[in-house]
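Residues per chain, in single letters:
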Amino acid sequence: MKKVIAIYPGSFDPPTNGHLDLIERGSKIFDELIVAILRNPDKNPLFSLGERRAMLEALTADFKNVRVDVFDGLTVDYAARVKAGAVLRGIRALSDYEYELQMAMMNRKLQPDLETVFMMPAEQYSYLSSRLVREVAKLGGSIQDLVPEMVERRLREKLDPAIKLQDARKMKPGKRA
Ligand code: PNS
């Protein structure tokens, strides 16, 4: 049988539990799933591409058929380069549908053989977005349960570099905090 490779494109700034939920679901229905981070010159991301890639690689290490990559340009061109037959996207609420449908239709116009597959994340992530996570974290709210622990720590370090320094000191026995 033909192997189906899917790409899961996005900004992942930062990766959330909603993204991971979708990656897990996608890994079960596709033979191979490539989490593809867009290098977007128009956006000013909180996390660099390297940071997002490293976080996603660590977070998906247990999924043997998932890998992480970075891409430029059109999603359809990237899909062709990696021989993907499907694009995976998450739909949380009806409000996502219009934008996602527009993208899926444009991608179909550009590359009729590439199918877009929509999946719904678990209900508890239906209101979750990277943008809201960034906003809540910046304003000092709790993002526990919304992002993996590693992402929560990185976000805290990013928003308050003093935390990184404190943590580094705690790790070294004998050093005064
Ligand atoms: O996580 P995001 O920001 O919602 O992801 C959007 C993404 C990366 C899927 C979309 O912006 C995209 O596909 N960009 C690549 C450029 C492209 O192909 N544009 C035409 C798509 S209709």
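Data block above holds the structure.
Described in the following lines is the structure provided in the data block. (Residues numbered from 1 in each chain as written. Predicted model: local features only at pLDDT ≥ 70, side-chain atom pairs only at ≥ 80, totals over all residues. Heavy atoms only, no water.)

### A short note on unusual backbone geometry
Formally: Strands here are runs of E lasting at least two residues and helices are runs of H or I lasting at least four, both read from the DSSP assignment and numbered beginning at the N terminus. Burial classification: accessible surface area is computed with a 1.4 Å probe over protein chains only, and a residue below 20% of its type maximum counts as buried, one above 50% as exposed, and the rest as partly exposed.
For the peptide bond that leads from Asp13 to Pro14, omega is 0 degrees, which places it in the cis range. Take Pro14: it is sitting in the loop between strand 1 (5-10) and helix 1 (17-29). Although it is not a glycine, Phe12 sits at a positive phi angle of roughly 50 degrees. With respect to the helices, strands and loops of the structure, Phe12 is situated in the loop between strand 1 and helix 1. The phi torsion at Asp145 lies on the positive side, around 75 degrees, for a residue other than glycine. Mapped onto the fold, Asp145 is located in the loop between helix 5 (130-138) and helix 6 (149-159). Exposure remark for Asp145: the relative accessible area of 59% places this residue in the exposed category.

### Some words on the packing of helix 2 (residues 49-59) against helix 6
Test applied: Only C-alpha atoms enter the line fits that serve as axes; for helices the fit covers just the stretch in contact. Angles between N-to-C directions range over 0 to 180 degrees. Orientation labels follow simple angle bins: below 35 degrees gives roughly parallel, above 145 gives roughly antiparallel, 65 to 115 gives roughly perpendicular, and whatever is left gives oblique. By definition, any crossing whose near helix is turned counterclockwise from its far helix by less than a right angle is left-handed, and any crossing with a clockwise turn is right-handed. By the convention used here, residues are in contact when the closest approach between their heavy atoms is within 4.5 Å.
Where helix 2 meets helix 6, the axes come as close as 11 Å, and the angle between the chain directions of the two elements is 160 degrees. Comparing their axes, helix 6 and helix 2 come out roughly antiparallel. Of the two possible hands of crossing, helix 2 and helix 6 adopt the one that is right-handed. Residues Glu51, Met55, Ala58 and Leu59 of helix 2 form the contact with helix 6, whose participating residues are Met150, Val151, Arg154 and Lys158.

### Regarding the site of the ligand
Defined as follows: Proximity is defined per residue: if any heavy atom of the residue lies within 4 Å of a molecule or strand, that residue is considered near it. In the analysis that follows, any N or O atom pair within 3.5 Å is treated as a polar contact, provided that within protein one partner can donate a hydrogen and the other can accept it, and provided that, for residues neighboring in sequence, both atoms belong to side chains. Method for areas: the Shrake-Rupley scheme with a 1.4 Å probe, in which residue coverage is limited to the protein chains shown. Each residue is assigned to one of three groups, with Ala, Val, Leu, Ile, Met, Phe, Trp, Tyr, Cys and Pro labelled nonpolar, Asp, Glu, Lys and Arg labelled charged, and all others, Gly among them, labelled polar.
Residues in contact with the ligand, as listed here, are Gly10, Ser11, Leu38, Lys43, Gly73, Leu74, Thr75, Arg89, Met103, Met106 and Asn107. Contacts to the ligand include Ser11, whose side-chain N or O atom sits 2.6 Å from an oxygen atom. Relative to its unbound accessible area of 550 Å², the ligand is 75% covered by the protein chains. Partitioned by chemical class, the residues of the shell around the ligand number 4 nonpolar, 5 polar and 2 charged.

### Structural notes on the environment of Ala93
Relative to the assigned elements, Ala93 resides in the loop between strand 4 (86-90) and helix 4 (94-110). On a C-alpha basis, the gap between Ala93 and Ser126 in space is 6.6 Å, while along the polypeptide they are 33 residues apart.

### Considering the nonpolar core
As a reminder of what qualifies: Nonpolar core, defined: a set of buried Ala, Val, Leu, Ile, Met, Phe, Trp, Tyr and Cys residues in which side-chain atoms within 4.5 Å join the residues together.
One finds Tyr8, Ile23, Leu33, Val35, Ile37, Leu56 and Leu88 to be the most contacted residues of the largest nonpolar core, which totals 18 residues. Elements that contribute at least two residues to this core include exactly strand 1, helix 1, strand 2 (32-38), helix 2, strand 3 (66-71) and strand 4. With residues up to four places along the chain from it excluded, the contact list for Leu88 reads Ile7, Tyr8, Pro9, Leu22, Gly26, Phe30, Leu33, Val117 and Met119. If you look at the next biggest cluster of nonpolar residues, it comprises 13 residues, including Ala122, Val133, Ala137 and Val151.

### Regarding the side chain of Ser129
Tracing the backbone shows Ser129 in the loop between strand 5 (115-119) and helix 5. A distance of 3.1 Å separates a polar side-chain atom of Ser129 from the backbone nitrogen of Leu132. Here Ser129 is in contact with Thr16 and Arg92, once residues within four sequence places are set aside.

### Notes on a nonpolar patch on the surface
To be explicit about the condition: Patch criteria: residues need more than 30% relative accessible area and no salt bridge. Like-charged residues are merged within 9 Å; nonpolar side chains of Val, Leu, Ile, Met, Phe, Trp and Tyr are merged within 5 Å. Here, a salt bridge means any Lys or Arg side-chain nitrogen found within 4 Å of an Asp or Glu carboxyl oxygen.
A cluster of nonpolar side chains, Leu74, Met106 and Leu110, forms an exposed patch at the surface whose accessible area comes to about 280 Å². Counting through the fold element by element, Leu74 comes out in the loop between strand 3 and helix 3 (75-81).

### Concerning the pattern of salt bridges
A complete count under the given rule lists 13 salt bridges for this structure. The salt bridge involving Asp69 is made with Arg53; its shortest N-O contact spans 3.8 Å. With Asp69 in strand 3 and Arg53 in helix 2, this pair connects stretches of sequence that are 16 residues apart. Given a relative accessible area of 28%, Arg53 falls into the partly exposed group. Here Glu115 ties to Arg108 by a salt bridge, and the two come within 3.4 Å at their closest N and O atoms. Given a relative accessible area of 41%, Arg108 falls into the partly exposed group. Salt bridges here are not isolated pairs; linked through shared partners, they connect Lys3, Glu32 and Arg67.

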